[in-house]
Amino acid sequence: MTELPNVHVRAEVLAQALPHMQRYDQEIVVIKYGGHAMGDRAAAEDFAEDVVLLEQSGLKPIVVHGGGPQIGKMLDRLGIQSEFRGGLRVTDEATVEVVEMVLAGLINKQIVGWISAEGGRAVGLCGKDGNMVRAKRAMKTVVDPESNVEQTVDLGLVGEPDHVERGVLDAVLKAELIPVLAPVAYGADGQTYNVNADTFAGAIAGALRAKRLLLLTDVPGVLDKDKKLIPELTVEDCRRLIADGTITGGMIPKIETCMYAIERGVEAVVILDGKVNHAVLLELFTDYGAGTLIRRG
Ligand SMILES: Nc1ncnc2c1ncn2[C@@H]1O[C@H](COP(=O)(O)OP(=O)(O)O)[C@@H](O)[C@H]1O
Ligand SMILES: CC(=O)N[C@@H](CCC(=O)OP(=O)(O)O)C(=O)O
């Protein structure tokens, strides 16, 4: 008897999910799972459970994962030096082999395994599979910290998606499988390219006109100069916050991705803390969505 109120609260929470489930029914939601958001085993199980629950509820989730810290560890073990410029890893031939091995191999199959363990059916792919993502060599403009002068830097084998072929994803979704994508792409020149996972997720979300793009990271969302969470931003606000230096480092490619995806028809992007238990479910199926929501304005 004493458990009854608790049971009713649970039923209330489930009932609250109904309008959210209806809103997202049959819609594509792209979820970018960053390397920093991948916590311990329990957190990974929570994430996989959320993804399976979404698919079971009629949504079409597509997972794009990162793995920057995990690539860094493997490069260290192999004694290969690595540096970032403008939030992107300078990538040579030796580095791209490790990137492909860690992302398309280790991490991709780990996530597929977690989803399988929760009773879902996932297919792990990278941008090369089914000619899904073609990339060209990225050129990045960065400010030289010593001279404070803007310069275009050659990042080596870092790719920028220039074409997304949705055929393979449509086939996987039609078969009611969950695509899990590693951000490795092919070039028209036959080269393998290392693509930032946020950028890759934005290209997929844009090409498929996803209803939502969720970027799971290790901070609560976009923070202002006093480190307080900004709940909502327009594309115009984003430009201003980059220009005035509120948004820096790894948050820059994230915000650029948000603006790119919205320009291509994604309704809204949410940046949220992937380390919060069931962050994805809270965001999509409850009234307690956390993080920063970014819309056109
Ligand atoms: N205004 C800001 N709000 C929140 N985080 C910011 C901001 N500016 C810079 N950052 C940095 O961006 C980081 C997130 O980017 P990144 O480390 O690349 O994440 P991920 O590995 O999840 O892709 C945060 O941990 C924080 O250090
Ligand atoms: C070009 C570039 O920087 N690629 C990234 C790809 C992985 C990634 O983006 O992982 P996170 O989402 O965990 O940061 C890298 O080599 O680290």
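Just so it is clear, the structure is predicted and the values come from calculations on it, not from any experiment.

(A) Inspection of the packing of helix α7 (residues 235-243) against helix α8 (residues 251-263) at higher detail. The interhelical angle for the contact between α7 and α8, taken along N-to-C directions, is 155 degrees, at an axis separation of 10 Å. Between α7 and α8, the angle falls in the class roughly antiparallel. Here the hand of the crossing between α7 and α8 comes out left-handed. Side by side, α7 and α8 meet where Val235, Cys238, Arg239 and Ile242 of the first sit next to Ile255, Met259, Ile262 and Glu263 of the second. Tallied by class, the residues present in the contact of α7 with α8 amount to six nonpolar, no polar and two charged.

(B) Molecular detail of the site of ligand 2. Lys32, Gly35, Arg89, Asn194 and Ala197 are the nearest of the 15 residues found near ligand 2. At 2.8 Å, a side-chain N or O of Arg89 approaches an oxygen atom of ligand 2. Between a nitrogen atom of ligand 2 and a side-chain N or O atom of Asn194, the distance comes to 3.0 Å. Protein burial of ligand 2: of its 430 Å² of free accessible surface, 92% is covered by the chains. Of all the cavities here, the one that holds ligand 2 is the largest pocket. Sorting the residues of the shell around ligand 2 by element identifies α3 (68-77) and β4 (88-89) as the ones contributing at least two each.

Parameters and conventions
Residues numbered from 1 in each chain as written. Chains lettered and ligands numbered in written order. Predicted model: local features only at pLDDT ≥ 70, side-chain atom pairs only at ≥ 80, totals over all residues. Heavy atoms only, no water. Axes fitted to C-alpha atoms, helices over the stretch in contact; angles between N-to-C directions. Helix = DSSP H or I, 4+ residues; strand = E, 2+ residues; numbered from the N terminus. Parallel < 35°, antiparallel > 145°, perpendicular 65-115°, else oblique. Left-handed = near helix turned anticlockwise from the far one by under 90°. Contact = heavy atoms within 4.5 Å. Nonpolar A, V, L, I, M, F, W, Y, C, P; charged D, E, K, R; others polar. Near = heavy atom within 4 Å. Polar contact = N/O pair within 3.5 Å; in protein donor to acceptor, adjacent residues only side chain to side chain. Areas by Shrake-Rupley, 256 points an atom, 1.4 Å probe, with all protein chains shown as cover. 1 Å grid on protein atoms, 1.4 Å probe; cavity = no way out; pocket = protein on both sides within 12 Å on 5 of 7 lines; lining within 4 Å. Sits in = over half its atoms within 2 Å of the grid points.

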